[in-house]
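Summary of the model geometry
Spelled out from the first residue to the last, the chains are:
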Amino acid sequence: MTSRVAVARDLKKLRRTVAAWRAAGETVALVPTMGALHAGHLALVRLARRKADRVVVSIFVNPTQFAPHEDLATYPRTWDADLAALARLKTDLVWAPSVGVMYPEGFATRIAPEGPARAGLEDRFRPHFFGGVATVVAKLFLQCGPDAAVFGEKDYQQLKVVTQMVKDLALPLRIVPGRTVREKDGLALSSRNAYLTPDERAVAPTLYQTLREGAAEIRRQQPIGAVLARSRKAIARAGFDVDYLEARHAETLAPVRSARDGPIRLLVAARLGKTRLIDNIGV
Ligand code: PAJ
């Protein structure tokens, strides 16, 4: 028999389930996702398993973090495959609210993150994005009440925004970062990789290769400005339109002038045809 995973679609079932675990003295870890699960998401679920007795995975394609021109309508949805993968990992509960449950008629409260959410990276190109993310993530935390929540380094600025929010609002949980899972050729796994044509897929690993070369050059004390300029050119030459490629302080995301201002993180966003890819690495 194939194993099944429990699904909660309303708050009452979620709260009842989590309360029963708590009454038994068990700890809970949450992995927020938008579904279309790949090995990167599943690595976070395994990490969550090691951090708590019970694992909740939320699947909610959050409309408030998409701009009207973005891919909300076409965002990949693979519900049956997602549930099967989560069942194999013995996920204790999938939290899958509808848009109406998450944002009932008259919903009127938003979180407005600053600091890392205003670093001039993703926020420059997706100004609505971190407000939508922070609001839904805060709500997911309050709905589920986990001891820990796992976020991928793949979305590095998001990880920092959520970490800052937990600190600022004294939310009673720990944020656990998970490493970026990559294809063999280095391309970071992403639900949006499904949009790439075969030709674009062949070019896509240039993003990570260029980050690696850039990081190595910075470690060899080459001037950061020149390294970034070379890296941007290399990515553009491969066929990308570069939104940004920046060296930032790994914790504050503030701009850095030299390797001494570190620890440094290199972050990139670039468009290949219709697909926007992001990636980052530590120097
Ligand atoms: P989503 O893009 O589905 O990602 C869910 C989680 O998986 C995020 O923490 C993301 O950083 C992580 N992830 C994605 N690709 C990864 C990879 N290749 N390796 C490791 N982790 C990876 O990020 C979101 O959803 C949403 O913004 C969300 C936080 C759920 C709020 O709506």
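Source: prediction; values computed, not measured.

Moving on, we get to the packing of helix 1 (residues 11-23) against helix 6 (residues 129-144). At a minimum axis separation of 9 Å, helix 1 and helix 6 run at an interaxial angle of 55°. Relative to helix 6, the element helix 1 lies oblique. In this structure, helix 1 contributes Leu-11, Leu-14, Arg-15 and Val-18 to the contact, and helix 6 contributes Leu-142, Gln-143 and Cys-144. Of the residues that constitute the contact of helix 1 with helix 6, the class distribution is five nonpolar, one polar and one charged.

Neighbouring the ligand are 21 residues; Gln-65, Asp-155, Gln-158, Val-181 and Leu-189 lie closest to it. At a separation of 2.6 Å, an oxygen atom of the ligand approaches a polar side-chain atom of Gln-65. Take Val-181: an N or O atom from its main chain is 2.8 Å from a nitrogen atom of the ligand. Here the ligand loses 95% of its free accessible area of 630 Å² to cover by the protein chains. Those elements that provide at least two residues to the shell around the ligand are strand 2 (28-33), helix 2 (39-51), helix 6 and strand 5 (148-152). Looking at the shell around the ligand, the element that brings in the most residues is helix 2, giving three residues. In terms of residue class, the shell around the ligand is built from nine nonpolar, nine polar and three charged.

Conventions used here
- Residues numbered from 1 in each chain as written.
- Predicted model: local features only at pLDDT ≥ 70, side-chain atom pairs only at ≥ 80, totals over all residues.
- Heavy atoms only, no water.
- Axes fitted to C-alpha atoms, helices over the stretch in contact; angles between N-to-C directions.
- Helix = DSSP H or I, 4+ residues; strand = E, 2+ residues; numbered from the N terminus.
- Parallel < 35°, antiparallel > 145°, perpendicular 65-115°, else oblique.
- Contact = heavy atoms within 4.5 Å.
- Nonpolar A, V, L, I, M, F, W, Y, C, P; charged D, E, K, R; others polar.
- Near = heavy atom within 4 Å.
- Polar contact = N/O pair within 3.5 Å; in protein donor to acceptor, adjacent residues only side chain to side chain.
- Areas by Shrake-Rupley, 256 points an atom, 1.4 Å probe, with all protein chains shown as cover.

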